[in-house]
Amino acid sequence: MILTMRNSLERLRCYGDVTENVPMSTLTTLRIGGNARAVVYPKTMLALTQVLRLLAKQGIPYKIFGKGSNLLCSDNDYEGVILKLDRYHGDFYFDGQTVVAEAGCSIIALSYEAMKHSLSGLEFASGIPGTVGGATFMNAGAYKSCMAEVVSEVFVLRQGRCEWLSPAECGFGYRTSIFQSHPDWVILAVRFHLTKQDQTEIRDLMDRRRQRRMESQPLDKPSAGSVFRNPKDRQAWQMIDELGYRGRRVGGVSVSEKHVNFIVNDQQGKARDFIELVEEIQEQVRRHYGEELILEVEKFNW
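Residues numbered from 1 in each chain as written. Predicted model: local features only at pLDDT ≥ 70, side-chain atom pairs only at ≥ 80, totals over all residues. Heavy atoms only, no water.

> Please provide a residue-by-residue account of the packing of helix 3 (residues 107-116) against helix 6 (residues 199-216), values included.
Taken N-terminus to C-terminus, the directions of helix 3 and helix 6 make an angle of 150°; their axes are 8 Å apart at the nearest point. Classed by the angle they form, the pair helix 3 and helix 6 counts as roughly antiparallel. On helix 6, the residues touching S111, Y112, M115 and K116 of helix 3 are Q199, I202, R203, M206 and R210. Broken down by class, the residue content of the contact of helix 3 with helix 6 amounts to four nonpolar, two polar and three charged. (Axes fitted to C-alpha atoms, helices over the stretch in contact; angles between N-to-C directions. Helix = DSSP H or I, 4+ residues; strand = E, 2+ residues; numbered from the N terminus. Parallel < 35°, antiparallel > 145°, perpendicular 65-115°, else oblique. Contact = heavy atoms within 4.5 Å. Nonpolar A, V, L, I, M, F, W, Y, C, P; charged D, E, K, R; others polar.)

This is the structure we're talking about:
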């Protein structure tokens, strides 16, 4: 396996940048995770298809990372390849009220470009530190809006073919999509439908929301954003706060004093600390409220 991996990595260098033995803690906003055997940045879409073909032929596992803002990587090493598209796959094109963006494009950057074009619809995403592909994969959302509301098509590589999928085919739900149950499908690009609006109004809304995030979220500490999905008719943070978990610590991680649906890695925590705290909160919410708190953060390499 070691020889196979070594030979494969040398071949992968034909198609992109390759870095070996990379701490996954450097690839996620939570700053947690063991080492990945290699990280590959394919240079073109054609290069990406060749990388995927080579990995499949050699039986080497892989995972596509965006900005790593919604990932909880285990403390274990990953004997596979992390693919990242944010270095060479970040182009976007505006055409009237339509914008097409590659999967590696920053969703924050795209939301600001839309504002500059006096186009509304992506304001909710102006504070989501992810890529277009990652946000689509999770059907990311904020302020009662989500990706599904502005996505008109998703360009996907599946079963060796590239094709556009309609929103109905994407199976969007609350923080979910069909892509989560098909990890072998690769989101390549997304087409959005936006609406014309006064640029000043869009900018003012984004500015107000940015100020609100700075005041209410622990943006100065490593985290993976909101930890739990909100149950129907309830707010996860309210139950957590009522149970007295504000500031509760396990090892190097703690429930944020600023926003209790954030768990921050403020003392070089481990994945085991994070998950222990998560499971403790879930158990207490189940016992006191009869509610099941579902983890919004994606677990990887567990």
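> If you had to explain unusual backbone geometry to someone new, which residues and values would you point to?
Non-glycine residue K144 carries a positive phi angle of around 65°. Relative to the helices and strands, K144 resides in the loop between strand 9 (141-142) and strand 10 (145-146). The exposure class of K144 is exposed, given its relative accessible area of 85%. With a phi close to 65°, N301 is a non-glycine residue in the positive phi region. With respect to the element layout, N301 can be found in the segment after strand 18 (298-300). (Buried < 20%, exposed > 50% of the residue type's maximum accessible area, 1.4 Å probe, protein only.)

> Could you give an account of the pattern of salt bridges, with specific residues and numbers?
Going through the model one piece at a time under the given rule, you end up with 22 salt bridges. The partner of D266 in a salt bridge is R249, with the nearest N and O atoms 2.7 Å apart. Of the two residues, D266 sits in the loop between strand 17 (263-264) and helix 8 (271-289) while R249 sits in strand 15 (residues 249-250), which places them 17 residues apart along the sequence. We classify D266 as partly exposed; its relative accessible area is 30%. As a salt-bridge pair, R286 and E283 come within 2.7 Å of each other at their nearest N and O atoms. With a gap of three residues between them, R286 and E283 both fall in helix 8, about one helical turn apart. Judged by its relative accessible area of 30%, E283 is partly exposed. Residues participating in the shared-partner salt-bridge network are R6, E10, R13, E20 and R37. (Salt bridge = Lys/Arg side-chain N within 4 Å of Asp/Glu carboxyl O.)

> Give me the sheet that holds strand 16 (residues 253-255): which residues, what numbers.
To summarise the sheet geometry, strands pair through backbone hydrogen bonds and adopt either a parallel or an antiparallel arrangement. The strand order 15-16-17 describes an open sheet built from three strands, whose pairing is antiparallel. Either end of the sheet is taken by a strand with one partner, and the two such strands are strand 15 and strand 17. As paired strands, strand 15 and strand 16 are joined by two bridges and run antiparallel to one another. Bridged to V250 within strand 16 is V253. (Pairing = 2+ DSSP bridges.)

> Explain the nonpolar core to me, and be specific about the residues and the numbers.
With 51 residues, the main nonpolar core has I107, L110, L122, F179 and F192 as its most contacted residues. Broken down by element, the residue count for this core peaks at six residues, all from strand 13 (residues 186-193). Apart from residues no more than four positions distant in its own chain, F179 is found in contact with T136, F137, V154, V156, L165, C170, W185 and I187. Core analysis: the second largest hydrophobic core is formed by 25 residues, L30, F228, L277 and V297 among them. (Core = buried A, V, L, I, M, F, W, Y, C linked by side-chain atoms within 4.5 Å.)

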